[in-house]
Amino acid sequence: MFKSKMVLAVFMVFAIIVAGCSNQSSSKKETGKIKVTTTIGMIKDIVDEVGGNHVETIGLMKSGVDPHLYKASQGDIRKLDQADMIFYNGLHLEGKMVDIFEQMSKKKVTVAVSKDIPESEFRSWDDGTEGHDPHIWFNVKHWISATNTVRDELIKFDSKHKEDYEKNAEQYIKKLEELDKYTEEQISSIPKETRVLVTAHDAFGYFGDAYNIKVMGLQGISTASEYGSKDVSELRDYLVNNKIKAVFVESSVPKKAINAVVEGAKKKGHEVKIGGELFSDAMGEEGTPEGKYIGMVKHNVDTIVNALK
Ligand code: ZN
């Protein structure tokens with residue numbers, strides 16, 4: 001009896017030491033870097049750019065992943081739990097993770113990068129439901145605001161490196177301003193009457209507002225909503241009547257819906273081509289130009305212009 005109690009006591013001491021160690025290895029002190037966990041890749045990109053050498057960033061949602069439907073795994077929860085800071089989009093983009101962010105915000109810095117954009121800038125949902133369109137990264141100016149938010153939060157957390165964060169943010173924002181200008185110039189080169197962007201789901205509303213292109217989506221703002229045969233026939237008729245040359249598929253949305261529209265138009269004697277694949281809610285593969293925010297936006301702009309011009 002005595003012996004087994006001893007064993008238990010020794011085991012418990014050991015367990016405490018192990019727990020203590022693993023706790024320490026995840027803290028800033030040991031690696032010297034701030035551990036940041038983000039949701040979509042576009043946010044990871046900002047943190048990498050602004051944080052530079054001072055951060056170690058994990059992005060939960062990889063290439064081709066749909067954030068609207070994304071459920072956090074046990075592994076993800078661990079990555080959030082071990083982070084010093086968490087950045088997410090907000091506006092219910094990560095619709096199935098809202099409770100998790102609320103829990104995490106009680107114990108660590110948990111920030112929605114959309115938080116400093118004035119509410120008047122947000123688009124409402126077309127179907128009249130409450131809340132706002134979350135796809136803010138498609139107005140590059142909003143993504144500049146998100147970059148400022150990340151910079152300010154990093155400075156708040158780690159004021160020692162204030163100057164580095166300011167310098168990195170300034171350099172990145174300069175590139176974003178160029179990207180904004182490029183997008184505006186390119187899109188305005190498409191003739192007004194065919195300047196229509198047709199996609200599977202309504203991710204491009206901010207893009208349309210910012211760069212003056214009409215946007216039509218088949219599936220509504222969240223991929224969680226279903227599309228019906230009425231949506232397909234309405235969109236088909238629009239394409240036929242307005243002689244729209246091309247529609248676009250999205251990397252994170254199944255292609256079935258948009259193919260049905262193309263087939264329908266063909267039956268009515270109007271040839272619509274698939275203008276290419278756009279990155280909407282997820283970026284391209286890591287290591288490719290489209291795996292970065294700037295490359296992703298450029299890819300979309302060039303694809304749209306080539307197909308519609
Ligand atoms: Zn979306």
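Computed from a predicted structure; not experimentally measured.

Student: Residues and numbers for the pattern of salt bridges, please.
Tutor: Across all of its chains, the model carries 16 salt bridges by this definition. For Asp180, the salt bridge goes to Lys141, with nearest N and O atoms at 2.8 Å. With a gap of 39 residues between them, Asp180 in helix H7 (residues 162–188) and Lys141 in helix H6 (residues 140–157) connect regions that are remote in the sequence. Between Arg151 and Asp152 there is a salt bridge, and its shortest N-O distance comes to 3.0 Å. Judged by its relative accessible area of 21%, Arg151 falls in the partly exposed class.

Student: Go over the packing of aromatic side chains with me, naming the residues and quoting the values.
Tutor: Evaluation of the coordinates by the stated rule reveals eight aromatic pairs. With a centroid separation of 3.9 Å and an interplanar angle of 15 degrees, the aromatic rings of Tyr88 and Phe101 are classed as stacked. In this pair, Tyr88 sits in strand S3 (residues 85–88) while Phe101 sits in helix H5 (residues 98–105), placing the two residues 13 residues apart along the sequence. Residues Tyr88 and Phe101 agree in their burial class; the two are buried. Centre to centre, the rings of Phe204 and Phe207 are 6.1 Å apart; their planes meet at 85 degrees, and the pair counts as edge-to-face. The same class applies to Phe204 and to Phe207, which are both buried. Among the aromatic residues, those joined into a cluster by ring pairs are Trp137, Phe138, Trp143, Phe204, Phe207, Tyr211 and Tyr293. Looking at Lys298, its charged tip hangs above the ring of Tyr182, at a distance of 5.4 Å from the centre.

Student: Give me the packing of helix H9 (residues 229–241) against helix H10 (residues 256–267): which residues, what numbers.
Tutor: Packed helix pairs are specified by the crossing angle of their axes together with the interaxial distance, meaning the distance between the axes. For the pair H9 and H10, the least separation of the axes is 9 Å and the interaxial angle reads 50 degrees. Our classification of the angle between H9 and H10 gives oblique. Handedness of the H9/H10 crossing: right-handed. Residues Val232, Leu235, Arg236, Leu239 and Val240 of H9 form the contact with H10, whose participating residues are Ala260, Val261, Gly264 and Ala265. Class assignment for the residues of the contact of H9 with H10 results in seven nonpolar, one polar and one charged.

Student: So what about the environment of Lys298? Which residues, and what values?
Tutor: For Lys298, the location among the structural elements is in helix H11 (residues 293–308). When the C-alpha positions of Lys298 and Tyr182 are compared, they lie 8.4 Å apart, and in sequence the two are 116 residues distant. If near-sequence neighbours (up to four positions away) are discounted, Lys298 is found in contact with Leu179 and Tyr182.

Student: Mind laying out the layout of surface pockets, listing which residues take part and the relevant values?
Tutor: The calculated volume of the largest pocket comes to roughly 310 Å³. For the largest pocket, the lining is made up of 19 residues, of which Gly41, Lys44, Met283, Glu286 and Gly291 are closest to its centre. The leading source of residues in the lining of the largest pocket is helix H3 (residues 41–51), at five residues. Grouping the amino acids of the lining of the largest pocket by side-chain chemistry returns five nonpolar, six polar and eight charged. Looking at which domains feed residues into the lining of the largest pocket, each of domain 1 (2–181) and domain 2 (184–308) supplies at least three.

Student: Give a detailed account of unusual backbone geometry, specifying residues and quantitative values.
Tutor: One non-glycine residue, Leu91, adopts positive backbone phi at about 55 degrees. Phi at Lys243 takes a positive value of approximately 50 degrees, unusual for a residue other than glycine. Following the sequence through the fold, Lys243 ends up in the loop between H9 and strand S7 (246–250). Here Lys243 falls in the exposed class, since its relative accessible area comes to 58%.

Student: Let's hear about the confidence of the model for the chain: which residues, and what values?
Tutor: Chain-level statistics for the chain give a pLDDT mean of 89 and a share of 88% at 70 or above. Throughout residues 16–26 the model reports pLDDT below 50, and contacts reaching past four residues in sequence, or to other chains, amount to six contacts.

Student: Go over the side chain of Asn300, please, and point to the residues and values.
Tutor: Its location among the elements puts Asn300 in helix H11. Note on Asn300: relative accessible area 1%, which makes it buried. When near neighbours in sequence (up to four residues on either side) are disregarded, Asn300 contacts Phe138, Phe204, Leu278 and Phe279.

Student: Account for the environment of Val47, with residues named and values stated.
Tutor: Within the fold, Val47 resides in helix H3. Between the C-alpha atom of Val47 and that of Thr57, which follows or precedes it by ten residues, the distance is 7.2 Å. For Val47, the residues in contact, after removing those within four places along its chain, are Val36, Thr38, Gly52, Val55, Thr57, Phe87 and Val150.

Reading the values: rules and limits
Residues numbered from 1 in each chain as written. Predicted model: local features only at pLDDT ≥ 70, side-chain atom pairs only at ≥ 80, totals over all residues. Heavy atoms only, no water. Salt bridge = Lys/Arg side-chain N within 4 Å of Asp/Glu carboxyl O. Helix = DSSP H or I, 4+ residues; strand = E, 2+ residues; numbered from the N terminus. Buried < 20%, exposed > 50% of the residue type's maximum accessible area, 1.4 Å probe, protein only. Phe/Tyr/Trp six-rings, centres within 6.5 Å; stacked < 30°, edge-to-face > 60°. Lys NZ or Arg CZ within 6 Å of the ring centre and 35° of its normal. Axes fitted to C-alpha atoms, helices over the stretch in contact; angles between N-to-C directions. Parallel < 35°, antiparallel > 145°, perpendicular 65-115°, else oblique. Left-handed = near helix turned anticlockwise from the far one by under 90°. Contact = heavy atoms within 4.5 Å. Nonpolar A, V, L, I, M, F, W, Y, C, P; charged D, E, K, R; others polar. 1 Å grid on protein atoms, 1.4 Å probe; cavity = no way out; pocket = protein on both sides within 12 Å on 5 of 7 lines; lining within 4 Å. Points joined across faces, edges and corners; volume = space filled by probe spheres on them. Domains from an automatic or database assignment. pLDDT = per-residue confidence, 0-100.

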